[in-house]
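Residue-level listing of the chains:
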Amino acid sequence: MNTSALRDVSVVAALTMFALLLLTIILAATGHDVGDALTALARGSVGSWDALLSGTLVRATPLLIAGLAITLAFRAGVLNIGAEGQLLMGAAAATALGLAWHGPAWLTVGGLLLAGALAGGCWAAVAATLRLRFGVLEVISTLMLNFVAQYLLGWLVRGPMQEPTRIYPQSATLDTVARLPIVIPGSRLHAGFLLGIVLAVALAILLRRTAAGFRIRLVGANPVAAVSAGRVDAAVVAFGAFIASGALAGFAGAVEVSGVTFALYENLSPGYGFSAIAVALLARLNPLGVIGTAVLFGALEAGAVSMQRDAAVPSVVVNVVEAVLILLVVATDRWRAQRLTAQAGT
Amino acid sequence: MADALGAFLEGTVRTATPLAFAALGEALVERSGVINIGLEGSIIAGALGGVVTAGGAGTGVGLAAALVAGAAVAAVFALFAVKLRADQIITGTAVTLLSLGLTGTLYRSAFGTGGAALGTPTLGPLAIPGLSAIPLVGPALFAQPITTYLAMALVPLASWWLARTHAGLALRACGENPAAARAAGIAVGRVQTAAIIFGGALGGLAGGTLVLAQAGTFVEGMSAGRGFIAIAIVVLGRWQPLGVGLAALLFGAASALQFAFQAMGWQLPYQLFLASPYLLTLLALALARSRFVAPAALGKIVEA
């Protein structure tokens with residue numbers, strides 16, 4: 001590990017400590033028993049093998065894959081904040097295929113994950129096309145498409161994809177052949193987590209070692225220079241990265257369905273696509289760093305569930321911690337940049 | 001039929017009111033060159049601020065508290081986006097997350113995990129004699145809570161202010177060409193900060209309107225994406241106060257339509273109506289060639 005990576009890790013550790021301190025203050029200020037709450041947070045996240053495997057890592061999986069989606073897009077200068085919608089569409093397509101067709105287990109699961117990626121890519125393609133052809137800001141279009149996806153999902157689970165008894169707003173349950181295998185027997189940790197790590201390594205290699213990755217970084221850093229430096233069509237590179245980002249988010253949704261929920265629900269995602277933005281930014285858009293920050297956020301969210309259950313602390317308090325982390329990262333980055341500018345000026 | 005139409009028009013104006021507040025505020029912010037997607041955070045903070053104070057001190061104080069709460073959240077955004085020149089989209093996302101989390105935590109901590117409903121007095125309709133008797137549109141436009149009239153008054157006021165005052169010109173200069181604005185002696189950062197805080201106050205008022213003129217209670221996350229809808233309304237209204245007012249009515253109509261259809265017994269998936277404003281915005285964006293009407297420096301970080 002080189003010194004800059006070491007520094008980044010220590011900065012994240014320091015910021016996390018600060019955010020946890022803030023959490024303690026909020027808990028005390030709102031009249032909760034701080035000791036009880038923090039004990040519950042630790043117990044639900046890292047307190048036991050089961051908490052770590054079935055809680056933290058299972059929670060971290062969609063954050064990891066969606067975090068990679070955000071990383072790829074942001075690196076290319078595409079502000080895709082529609083990972084949530086792309087994830088939901090991926091989940092819907094994966095469920096639809098998983099319910100309609102069964103082959104051998106590996107083929108079924110593989111097909112289902114592919115369907116998710118395809119659907120996420122298509123959903124992103126709408127916003128990508130609007131940007132490429134009509135100059136529509138992707139920030140606004142992806143936000144709009146998140147709402148459309150949410151309502152589309154709401155309609156699917158009450159309409160064409162509703163379970164046979166037509167009582168609950170959810171789909172029928174996936175057959176076992178359509179489910180991701182469990183990695184560690186006795187836990188709920190599914191193969192999706194490993195897939196996420198493979199994807200992180202692949203994305204790191206793509207960005208750092210390939211021509212395509214170089215073009216993506218170039219376009220993200222300075223589209224004008226990329227064009228004038230020759231033969232880089234910035235618009236096309238951004239378009240491709242946008243769709244690949246959507247495919248990754250859709251893949252995350254498929255993994256969640258095939259590994260955790262086994263059915264399509266309206267509230268399938270507690271905002272994974274939004275938390276993923278924090279996950280990616282905290283990792284400073286470094287794919288390997290995303291593994292670490294996704295596990296950190298997975299631990300926070302798994303811990304929050306047990307905090308709510310055992311210490312009556314509202315789990316939404318974790319959103320505050322996440323938000324403060326983003327703001328702190330942004331502030332330290334700006335502070336560092338301003339200091340560098342000041343140094344260069346003297 | 002006339003009854004259903006009347007109810008539909010009334011529902012349109014009622015739903016449009018908080019959207020108009022939030023979108024008018026955001027329009028001014030965007031005209032100054034800043035896009036604040038933390039507006040959602042101001043709305044939810046305003047809703048909680050309003051409901052907590054109105055119970056004891058009345059609806060007037062409740063609306064004032066909503067303004068202050070919305071402005072406070074926007075001040076956090078301004079600190080990062082203007083003072084530290086951080087990315088506006090990332091900061092806005094964080095501020096929304098912060099405010100949704102904080103209001104949820106405070107509300108549940110104060111009123112139980114189950115979130116026992118906290119009732120509050122609401123503003124009754126204030127019928128304007130004469131005008132409210134006009135058939136059909138009278139009750140819809142002139143028998144509304146006072147907040148609706150306030151929103152109606154804000155539209156021409158904002159138009160006039162933007163187009164005809166020095167301050168309005170300075171604001172627009174910041175959004176179109178910050179470097180030139182600075183050369184002309186305008187403190188760009190200060191203008192943008194003021195715009196953001198004012199926009200946040202209007203967002204807070206939107207939240208206050210939701211609880212004090214409509215729901216009569218607070219529900220976690222009750223802003224339900226209105227901050228983002230407001231951003232769409234600004235685009236659809238082409239950054240002009242009058243256009244923004246009309247676009248807010250259009251969004252109001254789309255959500256009022258679902259109740260009208262239900263009342264008529266038509267079986268259409270209601271999600272279609274809920275999704276239609278967003279689809280409409282996308283379509284309008286694609287057709288409007290909006291990059292030519294958006295403030296030229298929108299979302300760009302201004303280096304000192």
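Residues numbered from 1 in each chain as written. Chains lettered and ligands numbered in written order. Predicted model: local features only at pLDDT ≥ 70, side-chain atom pairs only at ≥ 80, totals over all residues.

Asker: So what's going on with the overall build of chain B? Residues and values would help.
Answerer: Within chain B, the regular secondary structure consists of twelve helices and two strands. In chain B, the succession of α and β elements from N to C terminus is α-α-α-α-β-α-β-α-α-α-α-α-α-α. By the compact-globule yardstick of 19 Å for 304 residues, chain B fits well, its C-alpha radius of gyration being 19 Å. Across its three principal directions, the C-alpha atoms of chain B cover 60 × 45 × 40 Å. Within chain B, buried positions represent 53% of all 304 residues. (Helix = DSSP H or I, 4+ residues; strand = E, 2+ residues; numbered from the N terminus. Rg over C-alpha atoms; globule rule 2.2 N^0.38 Å. Buried ≥ 20, exposed ≤ 12 C-beta atoms within 10 Å, placed from the backbone.)

Asker: Go over the overall build of chain A, please, and point to the residues and values.
Answerer: A count of helical and extended segments in chain A gives 13 helices and zero strands. When the elements of chain A are put in sequence order from the N terminus, they spell out α-α-α-α-α-α-α-α-α-α-α-α-α. For chain A, whose C-alpha radius of gyration is 21 Å, the value lies close to the compact-globule estimate of 20 Å for 346 residues. Along the three orthogonal principal directions, the C-alpha set of chain A runs to about 70 × 55 × 35 Å. When each of the 346 residues of chain A is scored for burial, the buried share is 55%. Restricting to contacts in chain A with at least 6 residues of sequence separation, those with at least 24 account for 77%. (Contact = placed C-beta atoms within 7 Å.)

Asker: Give me the lowdown on the interface of chain A and chain B, citing residues and values where you can.
Answerer: Of the residues lining the interface, 39 residues belong to chain A; the matching set on chain B comes to 39 residues. Looking at the side of chain A that touches chain B, the elements with two or more residues in it are helix H5 (105-134), helix H6 (138-156), helix H11 (272-282) and helix H13 (317-345) of chain A. Taken together, the residues of the side of chain A that touches chain B sort by class into 29 nonpolar, eight polar and two charged. (Nonpolar A, V, L, I, M, F, W, Y, C, P; charged D, E, K, R; others polar.)

Asker: Lay out the environment of Leu-22 of chain A with the relevant residues and their values.
Answerer: Residue and element names in this part refer to chain A. Its place among the elements puts Leu-22 in helix H1 (residues 3-29). Using a count of 15 C-beta atoms within 10 Å as the deciding quantity, one classes Leu-22 as partly exposed. Linking Leu-22 and Pro-104, residues 82 residues apart in sequence, is a C-alpha distance of 50 Å. In this view, Leu-22 contacts Val-321 and Val-324; residues no more than four positions away in its chain are not counted.

Asker: A description of the packing of helix H4 (residues 83-100) of chain A against H11 of chain A should follow, citing residues and the corresponding values.
Answerer: All names here are of chain A. Remark: H4 packs on H11, axes separated minimally by 7 Å, with the N-to-C direction vectors making an angle of 130°. The pairing of H4 with H11 is recorded here as oblique in orientation. Here H4 and H11 pass one another in a crossing that is right-handed. Each of Ala-83, Glu-84 and Leu-87 in H4 lies in contact with H11, whose residues at this interface are Tyr-272, Gly-273, Phe-274 and Ala-276. (Axes fitted to C-alpha atoms, helices over the stretch in contact; angles between N-to-C directions. Parallel < 35°, antiparallel > 145°, perpendicular 65-115°, else oblique. Left-handed = near helix turned anticlockwise from the far one by under 90°.)

Asker: Now, about unusual backbone geometry: what can you tell me, with residues and values included?
Answerer: Leave glycine aside and you will find that most residues have negative phi; peptide bonds, for their part, are mostly trans. The phi dihedral of Phe-262 of chain A falls on the positive side, at around 60°, and the residue is not glycine. With respect to the helices and strands, the residue Phe-262 of chain A is situated in the loop between helix H10 (234-261) and H11. Positive phi is not limited to glycine here, since Arg-238 of chain B has a value of about 55°. As for its placement among the helices and strands, Arg-238 of chain B is situated in the loop between helix H10 (226-236) and helix H11 (241-264).

Asker: How would you summarise H10 of chain B if you had to cite specific residues and measurements?
Answerer: Residues and elements named next belong to chain B. With eleven of its eleven residues buried, H10 lies for the most part within the structure. Of the positions making up H10, those classed as buried are Arg-226, Gly-227, Phe-228, Ile-229, Ala-230, Ile-231, Ala-232, Ile-233, Val-234, Val-235 and Leu-236. Looking at the residues trailing H10, positive phi occurs at Arg-238, about 55°.

Asker: Lay out the environment of Leu-131 of chain B with the relevant residues and their values.
Answerer: All names here are of chain B. If you trace the backbone, Leu-131 turns up in the loop between strand S1 (126-127) and helix H5 (137-142). Separated by twelve residues in the primary sequence, Leu-131 and Ala-143 place their C-alpha atoms 8.7 Å from one another. Once residues within four sequence positions are removed from consideration, Leu-131 is found in contact with Gly-138 and Phe-142.

Asker: Account for the nonpolar core, with residues named and values stated.
Answerer: In terms of nonpolar packing, the biggest core is built from 224 residues, with Ala-66, Ala-69 and Ala-276 of chain A together with Ala-23 and Ile-233 of chain B touching the most fellow members. Per-element accounting of this core gives the leading share, 16 residues, to H10 of chain A. The residues touching Ala-69 of chain A, leaving out its near neighbours within four places in the chain, are Ala-83, Ser-245, Leu-248, Ala-249, Ala-252 and Ala-276 of chain A. (Core = buried A, V, L, I, M, F, W, Y, C linked by C-beta atoms within 7 Å.)

Asker: Go over the packing of H5 of chain A against H6 of chain A, please, and point to the residues and values.
Answerer: All names here are of chain A. Between H5 and H6, the shortest axis-to-axis distance is 9 Å and the interhelical angle comes to 150°. Compared by their axis directions, H5 and H6 come out roughly antiparallel. The handedness of the crossing between H5 and H6 comes out as right-handed. The residues of H6 that touch H5, namely those facing Trp-123, Val-126, Ala-127, Leu-130 and Arg-131, are Glu-138, Ser-141, Thr-142, Leu-145 and Ala-149. Residues that form the contact of H5 with H6 fall into these classes: six nonpolar, two polar and two charged.

Asker: Give a description of the confidence of the model for chain B that names residues and reports values.
Answerer: Mean pLDDT for chain B: 86, with 93% of residues reaching 70 or above. Interface predicted TM-score (ipTM) for the complex: 0.85; the corresponding pTM is 0.87. (pLDDT = per-residue confidence, 0-100.)

Asker: Got a sec to walk through the confidence of the model for chain A? Specific residues and values, please.
Answerer: Taken as a whole, chain A shows an average pLDDT of 90; of its residues, 99% reach a score of 70 or greater. Within chain A, H4 of chain A carries the highest mean pLDDT (97), whereas helix H9 (residues 223-228) of chain A carries the lowest (74).

Asker: Lay out helix H12 (residues 287-311) of chain A with the relevant residues and their values.
Answerer: All names here are of chain A. Between its first and last C-alpha, H12 extends 35 Å over 25 residues, near the 36 Å set by a 1.5 Å rise per residue. The buried fraction of H12 is high, at 21 of 25 residues. In the segment just after H12, Ala-312 is the residue with positive phi, at about 55°. (Expected span 1.5 Å × (residues − 1).)

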